[in-house]
Every structure is written in structure tokens, then in C-alpha cells.
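Observations on the model geometry
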There are 2 protein chains.
Amino acid sequence: MAGGRPRAFDEDAALDRALEVFWRQGYEGTALSDLTAAMGINRPSLYGAFGNKEALFRRVLDRYVDGPGGYSAAALAEPRARDVVARILGGAVELTTDSGHPGCLSVRNAQACGPECEQVRRAVVDRRNAGLAALRARLERARDEGDLPPGADPAALARYVFTVSDGIASQAASDATADELRKVVDLVLAAWPGQGEPSR
Amino acid sequence: MAGGRPRAFDEDAALDRALEVFWRQGYEGTALSDLTAAMGINRPSLYGAFGNKEALFRRVLDRYVDGPGGYSAAALAEPRARDVVARILGGAVELTTDSGHPGCLSVRNAQACGPECEQVRRAVVDRRNAGLAALRARLERARDEGDLPPGADPAALARYVFTVSDGIASQAASDATADELRKVVDLVLAAWPGQGEPSR
DNA sequence: CAAGTTTTTTACCTATCGGTACGTTACTTC
DNA sequence: GAAGTAACGTACCGATAGGTAAAAAACTTG
């Protein structure tokens, strides 16, 4: 029965700005003053709209997984397992070599951190493992459909693909270029099971 | 021309304690109070002996690369390229799934961080890239010696191996077990160039 | 034992951390 | 236009960050 003062900023735009900062500096390396400066709002507005730093990060994480990181879930829809993997790894290269914020928000914040942000780390790890389980299920289906050799191990292959994907993010953070990492992806794809003798 | 009060702690032992903390929490997530508590010394002693937090980390980084991370440089001495890779990746699994401090100090601290520790990050990145260059040189030699097929790309292969190695560290930080990661290593080795038709 | 040197201890520094109290402003509803 | 509501701006909170001043303590050398 009353409206109140309207919000002076766009919530989605503010989240995008926050994403930029968290991506570039990590959760632990980001101060509230960094966030408010980038988002163009002051501290009480941030708390009013998003709760606190941790809750804001979780919102940003959702946004990251659905937005820039969405290629991974989308890749599962490829009809052939090899193309699923090609999209996941190719997408990782494009994502993590994007100038301005090299590396991956998810990979970064799954790493060791101080005790006070262990909960945030766990949230990231849980999401990562959900993605792993989804790829594993997808590769199990592929094997059942004959899209992978009968002897293939979907669990190990899924772990392998995500291992390479994580590694791509780390390498990108260590100045690897997109071209260099695309060659890495090519090596993986050239040896993907079920395509006769590899060329390399 | 005088002795002064003798140091009440062992410098190497203190560095090992500091390594534990930096490994478990990362540079950014480690407070000086964490360090002094673990090292069993008080703050001015730390500054007197090691300079400051950043200088201490650099000492610890040296110690890490020569100690727990020494398997990587040692692996280059293997006579066959495939065994070099097997030792690097196998060593990464053992190192990063060691209970108490999962993950890798080097991988962790090469990731995005706040502005105030960017110099530390660069130091880590530079060391990582030196290791990459060494493996690349080793694989070039292998190709020249016929230990790799003539068409093999040593630079891409070296990057690939380190990508997997980094990925292993990330996965270990996300609760992957040593057994799971050993299967990943097996997949890489099964497809290593120059061994006829792969079995998978 | 006195002088000189270095480490230890205690106590403290400033800056910044994440988070909030409170009064003001801008809007909707009656 | 009065009442109600919610976001805004300013100014602040206690806690902790990395780092240090200064004096007491433990040694070596003469």
C-alpha cells in the first residue's frame, strides 16, 4: 500500500559490474570498496539489494554459470560426444582468454582460501562437481548409444575433460594465448576415443 | 665483532610451517597472525628473519619448487619422453591429493588476486612459465632424437602436459581423489604420440 | 665483567576490512 | 496534501590487516 523511493540503479547491470571485479580479482581479493566503486552504488545500497558480500558473490556466480559459463551446459546438447567435448574445451579457451579478466571465476574460487571464505569456496566446488556429473551422465549415454567404444570409461573421460578445461583456465591466467590453447584442444580431440588411428 | 643473541627457532623448520599455511590458504588468504602462530615465532622475529610477508612467500615458493614440486624438474632426466610425462603427471597427482593441503601452491597463487598481491602472482607465473619452457626444450630434444614422431609439436605437447597438470591440481582442490586422477593420467599416457595404435 | 650485537618481547601504529545506524530524499497510495 | 514506504547519502562501528618502536634478554668478544 505504498511504493517507496525507486531504485536508482539497474540490478542486472550492477551484477555485471560486480562480476567483472570478482572475475578479475577473485572473491578474496575483492574489497567492498572495489565493488561499490565498480557498481556505482554506495555501501548501504549494496547491502539493501544483495544482502552482503557473500550473497552478492553467489548471485554473481549464478549469473556467471548461466551467462559466460553457459557454453558448458549447452554443449551437452550436441548429438555426438566428440562435439560435446569440442565445445566444452573450445568454449573454455574463448572464455578464459578473454582480455580484461583472464582465467575462470569458477576455477579461481575453487582454490585454497582463508578460513573465512571457505563456505564460498564450497559453493563453487559443488557447482563444479554438478557440471562434472552432468558430463559424465552425457558420456554414459554416449557409450550406451555406441557413440563411444564399449570399453570407454565415461567417468574417467568426463574427469579428464574437466581436468583439461580447468588446466586451460590456469594456463590462461599464466599468459597462455588463445592460439596456444587451441592447439592443446586439438591434441585432446585428435586422441578422442572411437575415431580410428590418431593422426599425431 | 660480536655475536648477539642466538635465534631461538630453526629457520628451515619455520619455513616449512609457513609453507603449510600458504599451501592450505594461499598467499592472499593467509594472515600474518596465521603465519606467526604456525611458525611459533612472534611478529618482529618474522620480519627480522624474512623481511615481510611477500619476501617470506618468495622464500617459501623456492622451497616448494625445490622440495614438494621438485619431481617436475627431476622428471626431465628420464631417458624417454613418455616417462618424463608420466612422472610429471603422476607426481602432480601425488602432490595435490596429499591430505592436509589439497591442490598446488603454484597453481593456486597464479590465479587472479587483488591488486596488492599482483607482484606475488607474477613471481609465481614466471616460475611456472620457466618450467613450461624446460619441458618444451626437453620434448624438442626428444623429437630430434626420434623419441617423438617427426610431426609432433613439442611446444603444443608441453603446453598440453602442463595444462593437464594444472587441471589435476584444480580437480584435487575440488575433492577429486588420487585414484580418479590416476585414471586421467592413464588416458593421457595411452594417447601419447609415437606408440602405435592407442588401446582405448 | 664491560662493551657490543642481535634476537626477543610487549605494546602499539595507521589503514582498511566487512557491515550498519540514522536521518534525508523520492516515490506511491489514500 | 498527508501518511507510509523504501532507497539514498553520510558518517560511523569494532575487528583485523600488515608493519614497527623501543626496551629487555641472551649471546660473543675483548
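The coordinates are above.
The text that follows walks through the structure, step by step, so that each part is easy to find. (Residues numbered from 1 in each chain as written. Chains lettered and ligands numbered in written order. Predicted model: local features only at pLDDT ≥ 70, side-chain atom pairs only at ≥ 80, totals over all residues. Heavy atoms only, no water.)

Topic: the protein's contact with DNA strand D
Around DNA strand D, the structure places 25 residues, and the nearest of them are A:G4, A:N42, A:S45, B:L32 and B:Y47. Counted by atom, the contact set of DNA strand D within 4 Å of the protein is 65% sugar and phosphate. A distance of 3.4 Å is found between a phosphate oxygen of DNA strand D and a side-chain nitrogen or oxygen belonging to A:R7. Residue A:A8 places a main-chain N or O atom 2.8 Å away from a phosphate oxygen belonging to DNA strand D. Taken together, the elements giving at least two residues each to the surface near DNA strand D come down to α3 (43-50) of chain A together with α2 (32-39) and α3 (43-50) of chain B. No other element matches α3(B), which puts three residues into the surface near DNA strand D. A breakdown of the residues in the surface near DNA strand D according to their chemical character gives eleven nonpolar, nine polar and five charged. (Near = heavy atom within 4 Å. Polar contact = N/O pair within 3.5 Å; in protein donor to acceptor, adjacent residues only side chain to side chain. Helix = DSSP H or I, 4+ residues; strand = E, 2+ residues; numbered from the N terminus. Nonpolar A, V, L, I, M, F, W, Y, C, P; charged D, E, K, R; others polar.)

Description of the pattern of salt bridges
Under the defined criterion, the tally for this structure stands at 36 salt bridges over all chains. The closest approach of N and O atoms between A:D126 and A:R122, which form a salt bridge, is 3.6 Å. Within this pair, A:D126 and its partner A:R122 are both found in helix α8 (residues 118-144), separated by four residues, close to a single helical turn. Salt-bridge contacts for B:E140 lead to B:R136; the nearest nitrogen and oxygen are separated by 3.2 Å. In this pair, B:E140 and B:R136 both sit in helix α8 (residues 118-144), four residues apart, roughly one turn of the helix. Given the relative accessible area of 28%, B:E140 is considered partly exposed. Several salt bridges share partner residues, and in doing so they unite A:R7, A:E11 and A:R59 into one network. (Salt bridge = Lys/Arg side-chain N within 4 Å of Asp/Glu carboxyl O. Buried < 20%, exposed > 50% of the residue type's maximum accessible area, 1.4 Å probe, protein only.)

Focus on the packing of helix α1 (residues 11-25) of chain B against helix α4 (residues 53-66) of chain B
Residues and elements named next belong to chain B. Put simply, α1 and α4 touch, their axes get as near as 9 Å, and they point 95° apart. Classified by the angle their axes make, α1 and α4 are roughly perpendicular. Residues E11, D12, L15, D16, A18, L19, F22 and W23 of α1 lie in contact with α4, whose contacting residues are K53, L56, F57, R59, V60, R63 and Y64. Of the residues that constitute the contact of α1 with α4, the class distribution is nine nonpolar, no polar and six charged. (Axes fitted to C-alpha atoms, helices over the stretch in contact; angles between N-to-C directions. Parallel < 35°, antiparallel > 145°, perpendicular 65-115°, else oblique. Contact = heavy atoms within 4.5 Å.)

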